[in-house]
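# Overview (structure and organization)
Chain by chain, the residues:
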Amino acid sequence: MTLIRIGHSPDPDDAFMFYALTAGKVKAEGLEIQHVLEDIESLNRRACSAELEVTAISAATYVLVADRYRIMDPGASMGKGYGPILVAREPMDPREIPERVVAIPGSHTTAALLLRLYCGDPPLIEVAFDKIPKVVLEGQADLGLLIHEGQITHQAMGLHKVLDLGKEWERDTNLPLPLGINVVRRDLGEAAGAALSDALRRSIAYAHAHVDEALEYAMKFGRGIDKETCRRFVLMYVNDYTVTLGQEGRQALERLYALAHAKGLIPHIPPLDPI
């Protein structure tokens, strides 16, 4: 048996997606799967040294690792009309953002790339994604860039939405916003890459066919959110684009890299050869 380490975030949407593989409901023939759970910025950094055979990464990080990893067709996190949001303690004019200190969940995240695309170059501090609301409420940053379930729970924390980067992206492109992707190491070869993509697609299909069962597992990673909030968040990001990128998902990635390259935010446009 070949050992395959799969890196993904300890978040409800990733847990939902990988549930069937974790629970043994879906198997990849001849491959032994070991799950490595770390926050997305840690996985981005590990991908830069190609440590894991398969890993979730931010779409923005693919530019740095495309020579060693290949995008998997299943497993993408894309929002249509929603995505990372900027929040503050008090209502704020979005035009003030470039002058304000922003807490971001990591410099390699797609959220950070989008911030630079839409808001220029504000002063930044890097904070673990789940600590960002606290940092903003305590005044260590003027604004926080929220990913994961904070996008729908920020009001309950007393935070005000200043800018929705998902809405900005949809207005400009009319495409889904590619945030996270799964990648497989190129040195595994075509057959193993295809088998792993097939197993992930079957795991996602199982979760969609057994939503309550997969949600029970995903709830363990919900950081205290209730079941309906968890369901809402999970189904926002484990959607049709997660099953397969399709033409629209691929166009979205192409547009993200083209816009970032045109603004000098990434050094080159990476190859798109999903498996």
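Each remark here, short or long, concerns the structure printed above.
Bear in mind that the values here come from a model prediction, so they are computed numbers and not experimental data. (Residues numbered from 1 in each chain as written. Predicted model: local features only at pLDDT ≥ 70, side-chain atom pairs only at ≥ 80, totals over all residues. Heavy atoms only, no water.)

Here we take up the overall build of the protein chain. Within the protein chain, the secondary structure is distributed over 12 helices and 11 strands. Relative to the 2.2 N^0.38 estimate, which gives 19 Å for 275 residues, the radius of gyration of the protein chain is 18 Å and therefore close to what a compact globule would have. Across its three principal directions, the C-alpha atoms of the protein chain cover 55 × 40 × 30 Å. Put simply, the protein chain shows about 11,300 Å² of open surface, and 50% of that area lies on carbon and sulfur atoms. Across the protein chain, 29 positive and 38 negative side-chain charges occur, with their mean positions spaced 1 Å apart. (Helix = DSSP H or I, 4+ residues; strand = E, 2+ residues; numbered from the N terminus. Rg over C-alpha atoms; globule rule 2.2 N^0.38 Å. Areas by Shrake-Rupley, 256 points an atom, 1.4 Å probe, with all protein chains shown as cover. Lys, Arg positive; Asp, Glu negative; His and termini not counted. Charge placed at Lys NZ, Arg CZ, Asp CG, Glu CD.)

Here 5 strands make up an open sheet; going across it, the order is β8-β7-β9-β6-β10 and the pairing mixed. Two strands in the sheet have a free side with no partner beyond their single neighbour: β8 (124-126) and β10 (160-164). Averaged over all pairs of adjacent strands, the angle between their axes in this sheet comes to 30 degrees, without regard to strand direction. The pairing of strand β7 (residues 102-104) with strand β9 (residues 143-146) spans 2 bridges and is parallel. Following the sheet pairing, Val102 is matched in β9 by Leu143. (Pairing = 2+ DSSP bridges. Axes fitted to C-alpha atoms, helices over the stretch in contact; angles between N-to-C directions.)

In terms of nonpolar packing, the biggest core is built from 58 residues, with Tyr62, Leu86, Leu253 and Tyr257 touching the most fellow members. Ranked by the residues each element gives to this core, the list is headed by helix α4 (residues 110-119), at 7 residues. Beyond its immediate chain neighbours, meaning those up to four positions away, Leu253 contacts Ala59, Ile71, Met78, Pro178, Ile181, Leu245 and Leu272. Ranked by size, the runner-up nonpolar core spans 31 residues in total, among them Ile4, Val26, Ala28 and Ala214. (Core = buried A, V, L, I, M, F, W, Y, C linked by side-chain atoms within 4.5 Å. Buried < 20%, exposed > 50% of the residue type's maximum accessible area, 1.4 Å probe, protein only. Contact = heavy atoms within 4.5 Å.)

Turning to the pattern of salt bridges, a few remarks are in order. One pass over the structure, following the stated rule, counts 26 salt bridges. Residue Arg45 pairs with Glu126 through a salt bridge whose shortest N-O separation is 3.4 Å. Note that Arg45 is positioned in helix α2 (residues 40-47) and Glu126 in strand β8, a separation of 81 residues in sequence. Relative accessible area serves as the criterion here: at 46%, Glu126 is assigned to the partly exposed category. Here Lys227 makes a salt bridge to Glu216, at a shortest N to O gap of 3.0 Å. Pair noted here: Lys227 is in helix α10 (residues 227-237) and Glu216 is in helix α9 (residues 211-218), with a separation of 11 residues, a long-range link. A relative accessible area of 29% means that Lys227 is categorised as partly exposed. (Salt bridge = Lys/Arg side-chain N within 4 Å of Asp/Glu carboxyl O.)

Turning our attention to the environment of Gly106. By the secondary structure assignment, Gly106 is in the loop between β7 and α4. For Gly106, a relative accessible area of 1% gives the class buried.

Turning our eyes to something else, we now look at the side chain of Asp13. With respect to the helices, strands and loops of the structure, Asp13 is situated in helix α1 (residues 12-22). By relative accessible area, Asp13 is classed as buried at 5%. Setting aside its immediate chain neighbours within four residues, Asp13 contacts Ser77, Phe233, Val234, Tyr237 and Val238.

Following the criterion strictly, the structure yields 6 aromatic pairs and no others. On the numbers, 5.4 Å between centres and 40 degrees between planes, the contact of Tyr19 with Tyr217 is tilted. Taken as a pair, Tyr19 in helix α1 and Tyr217 in helix α9 lie far apart in primary sequence, 198 residues in all. In this structure an aromatic cluster arises from ring pairing among Tyr19, Tyr206, Tyr217 and Phe221. (Phe/Tyr/Trp six-rings, centres within 6.5 Å; stacked < 30°, edge-to-face > 60°.)

Tracing the backbone through its elements, the reader meets Pro133 in helix α5 (residues 132-137). Between the alpha carbons of Pro133 and Met157 there is a distance of 7.6 Å; along the sequence they are 24 residues apart. With sequence-adjacent residues up to four places away left out, Pro133 is seen in contact with Leu146, Met157 and Leu159.

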